[in-house]
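# Topology and contacts: notes
Each chain, written out:
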Amino acid sequence: MTSVESGPALGAAAEVLAAHVRDVQDFPKPGVVFKDITPLLSTPAAFGVVIGALADLARDLSVTTIAGIEARGFLLAAPVADRIGAGLVPVRKAGKLPGATRRETYDLEYGTATLEIHQDAVAAGERVLLVDDVLATGGTAAAAHNLLRGCGADVVGLAVLMELSFLAGRDRTGALPVTSIMTL
Ligand SMILES: O=P(O)(O)OC[C@H]1O[C@H](OP(=O)(O)OP(=O)(O)O)[C@H](O)[C@@H]1O
Ligand SMILES: Nc1ncnc2[nH]cnc12
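Residues numbered from 1 in each chain as written. Chains lettered and ligands numbered in written order. Predicted model: local features only at pLDDT ≥ 70, side-chain atom pairs only at ≥ 80, totals over all residues. Heavy atoms only, no water.

Assigned secondary structure in the protein consists of 6 helices and 9 strands. Relative to its length of 184 residues, the protein is compact, with a C-alpha radius of gyration of 15 Å against a globular reference of 16 Å. Its C-alpha atoms give the protein principal-axis dimensions of about 40 × 35 × 30 Å. Within the span of the protein, comprising 184 residues, buried residues form 47% of the whole. In the protein, the proportion of contacts linking residues at least 24 apart, taken out of those at least 6 apart, comes to 59%. Total accessible area on the protein is roughly 8200 Å²; 53% of this is exposed by carbon and sulfur atoms. With 15 positive and 20 negative side-chain charges, the protein shows a spacing of 4 Å between the two charge centroids. (Helix = DSSP H or I, 4+ residues; strand = E, 2+ residues; numbered from the N terminus. Rg over C-alpha atoms; globule rule 2.2 N^0.38 Å. Buried < 20%, exposed > 50% of the residue type's maximum accessible area, 1.4 Å probe, protein only. Contact = heavy atoms within 4.5 Å. Areas by Shrake-Rupley, 256 points an atom, 1.4 Å probe, with all protein chains shown as cover. Lys, Arg positive; Asp, Glu negative; His and termini not counted. Charge placed at Lys NZ, Arg CZ, Asp CG, Glu CD.)

Applying the stated rule across the entire model yields 8 salt bridges. Among the salt bridges present, the one from Arg92 reaches Glu70, with a minimum N-O distance of 2.9 Å. Taken together, the residues Arg92 in strand E4 (residues 87-93) and Glu70 in the loop between strand E3 (65-69) and helix H4 (72-84) connect sequence positions 22 residues apart. Here Arg92 falls in the partly exposed class, since its relative accessible area comes to 22%. Asp133 is paired through a salt bridge with Arg72; the nearest N and O atoms lie 2.7 Å apart. Highlighted residues: Asp133 in strand E7 (residues 127-135) and Arg72 in helix H4, separated in sequence by 61 residues. (Salt bridge = Lys/Arg side-chain N within 4 Å of Asp/Glu carboxyl O.)

Okay, the nonpolar core next. The biggest cluster of nonpolar side chains holds 35 residues, and the ones touching the most others in it are Leu17, Ile66, Leu129, Leu161, Met162 and Ile181. The element that contributes the greatest number of residues to this core is helix H3 (residues 44-60), accounting for 9 residues. Here Leu17 is in contact with Leu40, Val50, Leu161, Met162, Ile181 and Met182, once residues within four sequence places are set aside. (Core = buried A, V, L, I, M, F, W, Y, C linked by side-chain atoms within 4.5 Å.)

Taken together, the neighbourhood of ligand 1 is formed by 16 residues, with Tyr110, Asp132, Asp133, Thr137 and Thr140 sitting nearest. Contact distances for ligand 1 include 2.5 Å between an oxygen atom and a side-chain N or O atom of Asp132. In this structure, Ala136 approaches ligand 1 through a main-chain N or O atom, which is 2.8 Å from an oxygen atom. Relative to its unbound accessible area of 500 Å², ligand 1 is 87% covered by the protein chains. Per element, the largest residue contribution to the shell around ligand 1 is 4 residues, and it comes from E7. Here the residues of the shell around ligand 1 sort into 6 nonpolar, 4 polar and 6 charged. (Near = heavy atom within 4 Å. Polar contact = N/O pair within 3.5 Å; in protein donor to acceptor, adjacent residues only side chain to side chain. Nonpolar A, V, L, I, M, F, W, Y, C, P; charged D, E, K, R; others polar.)

See below:
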């Protein structure tokens, strides 16, 4: 298991993030405390700080492509890619991509899902940063990582806003370096 050390930008982003995430009890099912990022999305200054921290990380890792996981990961991956001038690759839920795809089914905290990626989404050797809002059980991230590797990508890291450490997501992401702005 590898972890990227957090610098000052990530520390500042953690404070901002903590003030703009809402806990929703028992959603989408009893026993789950859902981490709702809509307050962050609707507050431009706060969103800018968080996107800036992710962009700094992506620059430090010299990434050429940002991969975002549907749906909340898209909301983060697109502005980061735009800020650093990187390509953007959507890792989508099943049945949404029009071209030939690779697919993988996985478990997550509250169900199962299937992810897909276009077979030609990433050229061999691209340095890819995978971006999502939450790392929980790690099923989603592990599936996305496998799909990208299957396309020949060099996945250099996973960046998330929040890591629910009690669900041990890093146990599923293997040697992939993980950066979490906030660990809960
Ligand atoms: O680590 P895991 O247990 O796999 O859970 C993390 C995933 O769960 C959420 O996605 P969800 O599938 O709920 O989709 P959404 O982004 O479309 O709301 C979240 O955005 C992560 O992608
Ligand atoms: N508790 C949680 N809150 C938000 N997104 C999640 N994805 C998996 N678990 C989650």
